[in-house]
Amino acid sequence: MTEQYQHRLNTLKKHLEQQQVELAIVKDPKNVFYYTGFNSDPHERFMALVIDLNKQSHYLFVPSLDLEIAEEESFVKELIPISDEMDPYQILKNTLGEGFQTIGLETKTISLYHHEQLNKYFADYRYKNIGDFISRQRMRKTQEECDKVQHAIHVIERVMGEGIKRVKEGMAEQELTAELEFLMRKFGADGPSFSPIVLSGAKASLPHGKPDSKPITKGDFLLIDMGVVVDGYCSDITRTFVIGEETKKQREIYDIVRTSTETGVAAAKAGIPIGQIDRAARNVIKEAGYGQYFNNRVGHGLGIEVHEEPSVHENNEQLVESGLLFTVEPGIYIPGFGGVRIEENVYINEDGTARLLTTFPTELMRIG
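Residues numbered from 1 in each chain as written. Predicted model: local features only at pLDDT ≥ 70, side-chain atom pairs only at ≥ 80, totals over all residues. Heavy atoms only, no water.

**Structural notes on the sheet that holds strand β11 (residues 233-234)**
Pairing is antiparallel across the open sheet formed by 3 strands, whose spatial order is β7-β10-β11. The strands lining the two open edges of the sheet, one partner per strand, are β7 (191-192) and β11. Note that strand β10 (residues 228-230) and β11 share 2 bridges and pair antiparallel. Residue pairing in the sheet places V229 in a bridge with C234 of β11. (Pairing = 2+ DSSP bridges. Helix = DSSP H or I, 4+ residues; strand = E, 2+ residues; numbered from the N terminus.)

**Quick word on the sheet that holds strand β9 (residues 221-226)**
Taken together, 4 strands build an open sheet; the order of strands is β8-β9-β12-β20 and the sheet is mixed. With partners counted over all chains shown, the strands left at the sheet margins are β8 (197-200) and β20 (366-367), one partner each. Pairing analysis gives 2 bridges linking strand β12 (residues 237-243) to β20, with the strands arranged parallel. Note that in β20 the partner of V242 across the bridge is R366. The sheet contacts of helix α7 (residues 143-163) involve β9 and β12, and relative to β12 the element is tilted by about 10 degrees. (Contact = heavy atoms within 4.5 Å. Axes fitted to C-alpha atoms, helices over the stretch in contact; angles between N-to-C directions.)

**Description of a negative patch on the surface**
Side chains of E68, E71, E72 and E73 sit close together on the surface and give a patch of like negative charge. Structurally, the position occupied by E72 is in helix α3 (residues 67-73). Take E72: its relative accessible area is 68%, and that puts it in the exposed class. (Patch = residues over 30% accessible without salt bridge, like charges linked within 9 Å, V, L, I, M, F, W, Y side chains within 5 Å. Areas by Shrake-Rupley, 256 points an atom, 1.4 Å probe, with all protein chains shown as cover. Salt bridge = Lys/Arg side-chain N within 4 Å of Asp/Glu carboxyl O. Lys, Arg positive; Asp, Glu negative; His and termini not counted. Charge placed at Lys NZ, Arg CZ, Asp CG, Glu CD. Buried < 20%, exposed > 50% of the residue type's maximum accessible area, 1.4 Å probe, protein only.)

**Description of the state of the cysteines**
One pass over the full model with this rule turns up 0 disulfides. C146 takes part in no disulfide bond, and the closest cysteine sulfur, belonging to C234, lies 14 Å away. On the basis of relative accessibility, which here comes to 0%, the residue C146 falls in the buried class. (Disulfide = S-S within 2.5 Å.)

**Description of the pairing of β12**
By the criterion of burial, β12 is predominantly enclosed, with 7 of the 7 residues buried. What you see with β12 is no split at all: I237, R239, F241 and I243 on one side and T238, T240 and V242 on the other are buried throughout. Sheet topology note: the β9/β12 ladder contains 6 bridges and is antiparallel. Pairing of M226 across the sheet is with I237, part of β12.

**A few points about the pairing of β8**
Of the two faces of β8, both are covered, the one formed by I197 and L199 as well as the one formed by V198 and S200. For β8 and β9, the ladder comprises 4 bridges, and the chain directions are antiparallel. Counted as the bridge partner of V198 is I224 from β9.

**Points about the packing of aromatic side chains**
This structure, assessed with the given rule, holds 10 aromatic pairs. Ring geometry for Y34 versus Y35: centroids 5.0 Å apart, planes at 80 degrees, classification edge-to-face. For Y35, a relative accessible area of 0% corresponds to the buried category. Put simply, the rings of F46, Y59, F61 and Y89 pair up and form one aromatic cluster. The residue whose ring lies beneath R158 is F187, and the NZ or CZ to ring-centre distance is 3.9 Å. Across the ring face of F337, the terminal group of K249 is positioned such that the distance to the ring centre comes to 4.7 Å. (Phe/Tyr/Trp six-rings, centres within 6.5 Å; stacked < 30°, edge-to-face > 60°. Lys NZ or Arg CZ within 6 Å of the ring centre and 35° of its normal.)

**Quick notes on helix α5 (residues 112-121)**
Because each turn of an α-helix spans 3.6 residues, side chains separated by three or four positions in sequence point in the same direction. Here α5 has its buried residues at H114, Q117, L118 and Y121. All buried residues of α5 fall inside an arc of 100 degrees around its axis, so they share one side. In α5, those exposed residues whose orientation departs by more than 90 degrees from the buried face are L112 and K120. Where α5 is buried, its residues touch β1 (23-26), α4 (88-96) and β5 (102-105). (Arc of directions from axis to C-beta.)

In structure tokens form, the structure reads like this:
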């Protein structure tokens, strides 16, 4: 891993030099993890990887309470602890000096408050956005990163397999959610990669609905969308089940979505526009007459975060390339009736072919 972190940092530093950035401040905790191996949520406290191009040096500023863990985990060994009573921007200036004319910032991460503090301590500088470059760098996963995502997928598929055995007619969505979260920890996850979505009956038409006290009843669709974090990398899969026997309409909708997902996965390969994957899956649903019930993108990148680049939508003309790892998750969501989503995770191999990472069956499964 040491060589990998060094390579990542060197790639970023080369970009900074090309952009004539003298100082870069990387604040997003997930980006800090990507470059250093130190994975932490600092909450409101200041944490940043800081690269001084003038001195060809880099520092990791961390909350004092995280110093011991950072010493163990971080590739960057020049650590600057900041205790709670200190002004982190004063520490930043004391460490770096001043006179920087161009500072690289992740503009999606830096708040107005942070910008005001930088203006207070570093006068007369201009900034350049480095966040887009970092997102592009993170977008192409190495085989080692793919393996980490694959491990997280194995864990969540074990959770799914065991979890559906615990479904009982009449249990609340929240109760099933608690069972699933328990299994995540039991099977070795650091935690969920997002709050699990467990929806039944008509509520399954809400793509990002929240589980509540609604009882799971016979005849319901049961949509489960969940993922875990393991060693800093995420999984994200969705399967839809039926409680008891499905109706003819439920079967029709399910089969359309399943074909849509399979078509989207089959379309994925290097050299085509990313939007072509979305359009391939979407056209299946449109041609079946349900286009109005699928109004979101077909997928998103997956890695250190559960949502990252690329965005797999129909107007994305960026070309698919090796190293991309993303979801394909079309759905049909009919208000008052319910919905179906089937989500797969896909990796683009070095030879440009697509590898399906998810293995949990997509056939309609009856529960109870």
